[in-house]
Amino acid sequence: MARFNEAIPAPSVLIFDWHGTLVDTHDAMFSAMEEMLPQLEELGLVERLLPEDQCRTRDDARLVRYIRIFRRLHPRILAERRVSRTDIFNAIFGEDKEAKLIAHQAYNTAYRKYFGQVRPFQPGAYEYLSALKAMGIRLAVSTNRNREFLDKELRMVDEGRWQYLFDATVCADDVTEYKPDPQVILKALEKLELPADSRAWYVGDSYVDMLTAHKAGVSGVFYNGACWEQDRIDSWFTKRDAPAAILDSFEDLLNLLALLERQEPEVFAQAPAEVRPRPFPPPERPEPRIEPDWHPAVVRLIRPAVVLFDWHATLVDTLDAMYHAVDDMLPDFHKLDLMDRMVAPEDSKTLEDARLVSYVREFAKLHPKVKADRKISRTDIFEVLFGEDQEAKQVAHKAFNHHYRNHYGTVKSFEPRVRDVLEGLRKLNIQVGVITNRDREFFEHELDAVEGTGWSNLFDVDVCGDDTPLRKPHPDQLLLAVQKLDYPPDPSVWYVGDSTTDVIAAKRAGMTSVFFNGAQWDQPWLNKIFPGTHKHPDKPDVVVNDFSEFWALVLACEVGPP
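Residues numbered from 1 in each chain as written. Predicted model: local features only at pLDDT ≥ 70, side-chain atom pairs only at ≥ 80, totals over all residues. Heavy atoms only, no water.

> Go over the nonpolar core with me, naming the residues and quoting the values.
Most often, soluble globular proteins keep nonpolar side chains buried together rather than apart. The biggest cluster of nonpolar side chains holds 76 residues, and the ones touching the most others in it are Phe309, Leu315, Phe333, Trp455, Phe459 and Phe550. Element by element, the count of residues in this core is highest for helix H13 (residues 319-329), at 7 residues. Ala32, Leu49, Ile88 and Phe93 belong to the second largest nonpolar core, which has 44 residues in total. (Core = buried A, V, L, I, M, F, W, Y, C linked by side-chain atoms within 4.5 Å. Buried < 20%, exposed > 50% of the residue type's maximum accessible area, 1.4 Å probe, protein only. Helix = DSSP H or I, 4+ residues; strand = E, 2+ residues; numbered from the N terminus.)

> Kindly report on the packing of aromatic side chains, identifying the contributing residues and their values.
This model, assessed by the stated rule, comprises 32 aromatic pairs. Between Tyr111 and Phe149 the ring centres are 4.9 Å apart and the planes differ by 80°, which places this aromatic pair in the edge-to-face class. With Tyr111 in helix H5 (residues 97-111) and Phe149 in helix H7 (residues 147-156), the pair connects residues that are 38 residues apart, well separated along the chain. Note on accessibility: Tyr111 and Phe149 belong to one class, buried. Ring centres of Tyr128 and Phe280 lie 5.8 Å apart, and the angle between their planes is 70°; on these two criteria the pair is classed as edge-to-face. One end of the pair, Tyr128, is in helix H6 (residues 125-134); the other, Phe280, is in the loop between helix H12 (272-275) and strand E10 (306-309), and 152 residues separate them in sequence. (Phe/Tyr/Trp six-rings, centres within 6.5 Å; stacked < 30°, edge-to-face > 60°.)

> Could you give me a rundown of the side chain of Asp502, with the residues and numbers involved?
Its place among the elements puts Asp502 in helix H21 (residues 500-508). The class for Asp502 is buried, based on a relative accessible area of 2%. Of note is the side chain of Asp502, whose polar atom sits 3.0 Å from the side chain of Ser499. (Polar contact = N/O pair within 3.5 Å; in protein donor to acceptor, adjacent residues only side chain to side chain.)

> Can you lay out the pattern of salt bridges for me, pointing to particular residues and giving the numbers?
Close approach of charged atoms lets side chains of opposite charge pair. Counted by the stated rule, this structure contains 51 salt bridges. Across the salt bridge formed by Asp320 and Arg374, the nearest N and O atoms sit 2.8 Å from each other. With Asp320 in helix H13 and Arg374 in the loop between helix H15 (368-373) and helix H16 (378-386), this pair connects stretches of sequence that are 54 residues apart. Note that Asp327 and Lys371 form a salt bridge whose closest N and O atoms lie 3.1 Å from each other. Pair noted here: Asp327 is in helix H13 and Lys371 is in helix H15, with a separation of 44 residues, a long-range link. (Salt bridge = Lys/Arg side-chain N within 4 Å of Asp/Glu carboxyl O.)

Here you go:
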């Protein structure tokens, strides 16, 4: 529902943001972002990501965590397509202007491959803009887009009808700073020879746009084309920087101008009623992302006496070293005679698994999408490639270890509060352990290195890949862990892990399986990797998306071990 400050004056000029306000270029933008984000490491930007405790909102902190680990956008952002790259860069780099400049430049390089996919953001945009022009309101565009992109998109959108609607356009490369610096707005006003006051309206679809308007000293008008919930919008702003109006559509904009015209009858060259087009429908709300239904709020579990954790991609982030080692290892499959031992495509669990097998067999490397997603562990890769061939998997693990020695060493906590959770479990008198397919030489080094201080005092037991004849998904490592603790393998033992391999191991051991969805898989994908069929029966007992959900789950369990 539209809202506005009663003190807002009628505009002399409407300056519009481009993407997400006037036009929809999401296809090109997200394609470019997905190409650019995997380059963060080589651009030197991973270490410049904003610390999570300095992020403006909890959602921003989750986005930073996700990009730091997976080098891509959070699946919710990709599914809902509601935020711009400017919002993303401001969320993940904060006030680091140099980092944002590097990111914008890398984005522009990628965007050149995709731009040109442009359409009006909502039906009737041209008709509404023409009505505003007929009312005598000056029109301008101020955007973080580069000139080469804006000019081409202006010529293309709506079959070129928009080219002569605007009295001024200002792009990122026309000024020295990107939004939220106000230069793009002030430059437009300078071109139009108008003052920066409340009669200049800046219409944009994001928090960054409204912050830019506030810094420029003009009226910010929030265009809610993404259909954000009202309380979500309110949470972004303080009273000081809140927009002067919140509008859901261009029809709302004309309604507001008609109301202002009744207060100032001679303010426009023509009255809105004389020029406004027939009403067009507002933008449609994006389809909501389907969340997993194994949710902590609905499951009933036995309170744990023992919690065992997977290591990589659950407690810690060692993805960089792992993927470098896998890259180095796969070409060795030829001399190791492993190519002919891969599963037949018809024996793969999913079509995606069959494609991975075929790609590795043909090219001796991971498919680029697997590397870009960074969501699958080497253990899961070997399970996909070799199925039940234990000997082939052992050879592959040995080859991986050889190459991993060249890369391991850097290890980070998967989330900032992992240590707090581990210490909290111990205070509840819950025994804590680690089960990992990593060999002991690597695990012990990483255990001592994590967070600079090490976590060796946080675990009552640990079992590594070379401590048992068979690695996960066989239950031997889990069973050895509880044997060391002198505790029975029953549902009061929880095993928390991020992969199908972890779930299978837990279920075969008779323990509670907690799937740690740090990769943020959505419901359709979870249904695909845990089909619950006769051939693939194992499914997790519960899915948690982060350690805050896991901790809440532990505290919510009222029934203790039998």
